[in-house]
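Chain residues, written in single-letter form:
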Amino acid sequence: MNPEAINTILYRPIQKGSTYDKLLPHSDCSSVKIANGDTKVAIESMALWVYKYQHHTQKLSQEKFANHPLQKLCKELHRFLYQHLQYKIDTYDQLLRSPACAWATRSQGLDCKSYSIFASSVLLNCGVTHYLRRVIQQEGEGYSHVYVIVPKNQHTFDLNDGYYTIDGTLQTFKEQDIHQSDDVLMTPKTQGLSGAIGGELVKGVGKLVNYAVSEFIQEMNSCSGSYYDASVVELKIRRDLRDKLQQKITQLGEAITFRNRARTQHLFNEIFKEVDLGIAHLRNETAYSSYEHCDGETLAHALAFAEKLKTFIDNFFEEFKKHAPYFKVEEFTKSANVNSRTLYFVVENETNPIVADYRFIVVRKEISTYGLDPIFPFEANAAKWLVNNLAHLQKTYNDGREKSYEKEITPLLDKVKALRAKAHLGGEMLYYFEQPLQRELYKVWLRYDANYTQYLKEEAQNTRTANELALRDYQERFKKNVVEDQQAKKRKRLKIQVGIGAAASALLVLFLQKNKKL
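The following refers to the structure shown. What you are looking at is a predicted structure, and each value in this text was computed from that prediction instead of being measured. Just so you know, the residues in each chain are numbered from 1, in the order the chain's sequence is written. Where local features are concerned, this predicted model is filtered to residues with pLDDT of at least 70; where side-chain atom pairs are given and counted, the filter is 80 or more; whole-chain, interface and lining totals use all residues. Side-chain descriptors were evaluated using all non-hydrogen atoms of the structure, hydrogens and water having been removed beforehand.

Some points on the overall build of the protein chain
- Along its length, the protein chain carries 14 helices and 8 strands.
- Burial classes: relative accessible area under 20% of the type maximum marks a residue as buried, over 50% as exposed, and values in between as partly exposed (1.4 Å probe, protein chains only). Within the protein chain, the fraction of its 518 residues that count as buried is 48%.
- Any two residues having at least one pair of non-hydrogen atoms within 4.5 Å are treated as being in contact. Counting only contacts in the protein chain whose residues sit at least 6 apart along the sequence, the fraction spanning at least 24 positions is 72%.
- In the form shown here, the protein chain has an accessible surface area of approximately 26300 Å², with 52% of it arising from carbon and sulfur atoms. Secondary structure is summarised from DSSP: a helix means a run of H or I of at least four residues, a strand means a run of E of at least two, and numbering begins at the N terminus for each. Areas reported as accessible are Shrake-Rupley estimates using a 1.4 Å probe. Residue values count occlusion only from the protein chains shown.

Given below as structure tokens:
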């Protein structure tokens, strides 16, 4: 069916929407990007296009969608798109319209990419993290459709916790059946550079950990009488490794986001110790164990799986060092008995324990390129920190806002000081009690210092794209390794089958020759 026929079928009457004209800037559609190619080509530009023209829907977002609960916001936004924007598929030239251009040409019709750019800009203005999703709708086809999905969990952004679908081309609020999808994370820029590392890559690493665990469980042998019972290993690898490691990674992401130096250092060192000692124990047991063949294969698979986990964590650490200029990282090596670890690496802690090396780091705070910290640092003097921030606001804006800031921030600062005075809480408990206060300190500063918000935007713009590309590269490389592993195993099974067949043929020949002699 040709495009004109499809557009005729999909045509629907739309509302006038003249009351919203004043909330969007006028556009002559000079801000239209053309990408020669299919949806796969276009989506690589969509994320940057959204950030570039996010300001187009700022007033609309504030008037129409702000302060709604997440589900209501998503439903209202979907309804708005469907009722006010006509649908029209693009041809080979993939047109990316700014939101203002989309509104100006809404009666002529827009394709799914322009719907998604419009929706994404509104969600960013409302502070909602979401994904641009491109999909293959039928097996054997290419990527042909784009829409927005919004994770219900706005802390971890884990889609396994559920998500809302915003596809303005369809009347339904539900996601249609798809064959394959590929997602690009969109994060409000006020989260800044640390948010990109602490949010996007942390979420991606957690996804890769889960993927690696699933692959290991699928490849693990299940032999009768095996020392490593498959059902027990599966339970423990999920419960005592995957879940606990992902929890540590999530906590590390939060610590980085709020630039908590002490907490960041502590969690990196915990993860390094667990993984390095676990791999050393596995490697030693695999090389020198006297287990029978099936158990030996289980250990070999476990070692390969653990090495992949280490690769993901090492890549994340490299991104942290590269894109966290407010920290200076020094790396060292320590030794410890492998039974001092707590995570499960198939070989139990007390089985033939050895002493092995593991990495640890010291994270030292560097002077912020902005010149001050919005959150009260652990090493700072509270009075001096507050004076510096007040002086900055007074010098920068000269409108008296520093007085309102001081009035609002002082009760929060007093609570932080009171918590830190309770040494008996210990580092872990202190962190959990103080984390909500750190969030409030950060939010208050963002309201008073618009220059800092702009600083974060400029700091994060290029890094976010780099992080997404890096994460995509990790995923592709890992999937490629999995395919290569599976192909190698397939070739191995084929050789075994050929060998068995050859042996059977030889026995048959001997048997026939013997009978012939008889």
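On we go.
Some points on the packing of helix α3 (residues 58-65) against helix α4 (residues 70-84)
- Note on geometry: axes are lines fitted to C-alpha atoms, helical ones only across the stretch in contact, with angles between N-to-C directions running from 0 to 180 degrees. Close contact between α3 and α4 brings their axes to 11 Å; oriented N to C, the two are set at 120 degrees. Regarding the angle of α3 to α4, the classification is oblique. α3 and α4 meet at a crossing whose hand is right-handed. Facing α3, whose interface residues are Leu-60, Lys-64 and Phe-65, α4 presents Leu-73, Glu-76, Leu-77 and Phe-80.
- Partitioning the contact of α3 with α4 into residue classes produces 5 nonpolar, no polar and 2 charged. Reported orientations rely on four angle classes, namely roughly parallel under 35 degrees, roughly antiparallel over 145, roughly perpendicular from 65 to 115, and oblique for the rest. Each crossing gets its hand from how the near helix is turned against the far one by less than a right angle, where anticlockwise is left-handed and clockwise is right-handed. Only Asp, Glu, Lys and Arg are considered charged in this grouping, and only Ala, Val, Leu, Ile, Met, Phe, Trp, Tyr, Cys and Pro are considered nonpolar; every other residue, Gly among them, is considered polar.

Quick look at the sheet that holds strand β3 (residues 130-136)
- Here the rule is simple: two strands pair whenever DSSP picks up at least two bridges between them. Strand order in the open sheet formed by 4 strands is β5-β4-β3-β6, with antiparallel pairing between adjacent strands. Each edge of the open sheet carries a strand with a single partner, namely β5 (163-166) and β6 (180-186). Sheet twist, expressed as the mean angle between neighbouring strand axes with direction ignored, is 30 degrees.
- As judged from the 7 bridges shared by β3 and β6, these two strands associate in the antiparallel manner. Counted as the bridge partner of Arg-134 is Asp-182 from β6.
- Strands β4 (145-151) and β5 of the sheet are contacted by α4, whose axis makes an angle of about 15 degrees with β5.
- Taken strand by strand, helix α6 (residues 112-125) contacts β3, β4, β5 and β6, and its axis lies near 20 degrees from that of β4.

Regarding the state of the cysteines
- We call a pair of cysteine sulfur atoms a disulfide whenever their separation is within 2.5 Å. Across all of its chains, the model carries 1 disulfide by this definition.
- With its sulfur 2.1 Å from that of its partner, Cys-29 forms a disulfide with Cys-101. Measuring handedness by torsion sign, the sulfur bridge of Cys-29 and Cys-101 sits at about 100 degrees and is right-handed. Pair noted here: Cys-29 is in the loop between α1 (3-10) and β1 (32-36) and Cys-101 is in helix α5 (residues 99-104), with a separation of 72 residues, a long-range link.
- Cysteine Cys-74 shares no disulfide, and the gap to the nearest cysteine sulfur, in Cys-126, comes to 9.5 Å.

A closer look at the packing of α3 against α6
- Interhelical geometry of α3 versus α6 gives an angle of 70 degrees and a closest axis separation of 9 Å. Regarding the angle of α3 to α6, the classification is roughly perpendicular. Judged by the sense of rotation from one axis to the other, the crossing of α3 with α6 is right-handed. In this structure, α3 uses Gln-58, Leu-60, Ser-61 and Phe-65 to contact α6, whose residues at the interface are Phe-118, Val-122 and Asn-125.

Focus on the nonpolar core
- One finds Phe-216, Ile-237, Leu-245, Phe-268, Leu-282, Phe-305 and Val-346 to be the most contacted residues of the largest nonpolar core, which totals 45 residues.
- Only α7 (192-219), α8 (230-257), α9 (261-288), α10 (293-323) and β8 (355-365) provide two or more residues apiece to this core.
- No other element matches α10, which puts 11 residues into this core.
- Among all residues touching Leu-245, those that are not within four sequence positions of it are Val-209, Ile-271, Leu-309, Ile-313 and Leu-343.
- The nonpolar core is taken to be a set of buried Ala, Val, Leu, Ile, Met, Phe, Trp, Tyr and Cys residues, with the residues joined through side-chain atoms within 4.5 Å. Among the nonpolar cores identified, the runner-up in size contains 39 residues, and Tyr-53, Phe-65, Tyr-87 and Ile-117 belong to it.

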